[in-house]
Amino acid sequence: MAKVIQQRDKCIGCGTCVAVCPAFWHMGDDGKSVLKDAKDAGGNKFELEIVDLGCNKEAATSCPVQVIMVE
Ligand code: SF4
């Protein structure tokens, strides 16, 4: 399994992750991006376990403030 993690409080709402990976990301009403179906892991971290990272690698590498991690 792979994991995608977003440190959501540090998101600046640029929309890049949504643009490069719309299958997994959308913009929230508060102007920050949302990782679809992610679990609240506490500490403003949101985590999603998936089999295939897919476009999340691109989302992680293109986030200008590096708040998306993949492992
Ligand atoms: S690319 Fe990074 S800063 Fe931009 S919306 Fe996505 S998580 Fe937020």
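The rules behind these values
- Residues numbered from 1 in each chain as written.
- Predicted model: local features only at pLDDT ≥ 70, side-chain atom pairs only at ≥ 80, totals over all residues.
- Helix = DSSP H or I, 4+ residues; strand = E, 2+ residues; numbered from the N terminus.
- Rg over C-alpha atoms; globule rule 2.2 N^0.38 Å.
- Buried ≥ 20, exposed ≤ 12 C-beta atoms within 10 Å, placed from the backbone.
- Contact = placed C-beta atoms within 7 Å.
- Pairing = 2+ DSSP bridges.
- Axes fitted to C-alpha atoms, helices over the stretch in contact; angles between N-to-C directions.

1. Quick word on the overall build of the chain
Then step 1. Across its full length, the chain carries two helices and six strands.
Then step 2. Listing each helix as α and each strand as β along the chain from the N terminus yields β-α-β-β-β-β-α-β.
Then step 3. Here the chain has a C-alpha radius of gyration of 11 Å; the compact-globule value for 71 residues is 11 Å, and the two agree.
Then step 4. Reported as C-alpha extents along the three principal axes, the dimensions of the chain are approximately 30 × 25 × 20 Å.
Then step 5. Per-residue burial over the chain gives 24% buried out of 71 residues.
Then step 6. Sequence separation of at least 24 residues holds for 59% of the intrachain contacts in the chain that already meet a minimum separation of 6.

2. A look at the pairing of strand S5 (residues 45-50)
Remark: a regular strand shows side chains that alternate across the two faces of the sheet.
Then step 1. Two elements, strand S1 (residues 2-7) and S5, share six bridges in a ladder whose sense is antiparallel. When the bridges of S5 are listed, Lys3 appears paired with Glu49.
Then step 2. As paired elements, strand S4 (residues 39-42) and S5 share three bridges and run antiparallel to each other. Opposite Lys39, over in S5, you have Glu47 as the bridge partner.
Then step 3. Between S4 and S5, which pair antiparallel and follow one another directly, the connecting turn spans two residues, one of which, Gly43, has a positive phi of 65°.

3. With respect to the pairing of S1
Then step 1. The pairing of S1 with strand S6 (residues 68-70) spans three bridges and is classified as antiparallel. Each bridged residue has a counterpart across the sheet, and for Gln6 the counterpart in S6 is Ile68.

4. Considering unusual backbone geometry
Then step 1. Although it is not a glycine, Asn44 sits at a positive phi angle of roughly 65°.
Then step 2. Relative to the assigned elements, Asn44 resides in the loop between S4 and S5.
Then step 3. Its identity as a non-glycine residue notwithstanding, Gln66 has a phi of 50°, on the positive side.
Then step 4. Looking at where Gln66 falls in the secondary structure, it is placed in the loop between helix H2 (56-62) and S6.

5. Quick look at the sheet that holds S6
Then step 1. Strand order in the open sheet formed by four strands is S4-S5-S1-S6, with antiparallel pairing between adjacent strands. The strands lining the two open edges of the sheet, one partner per strand, are S4 and S6. Between one strand axis and the next, the sheet turns through 30° on average, direction left out of account.

Fair warning: the whole summary comes from geometry, so function is off the table for now.
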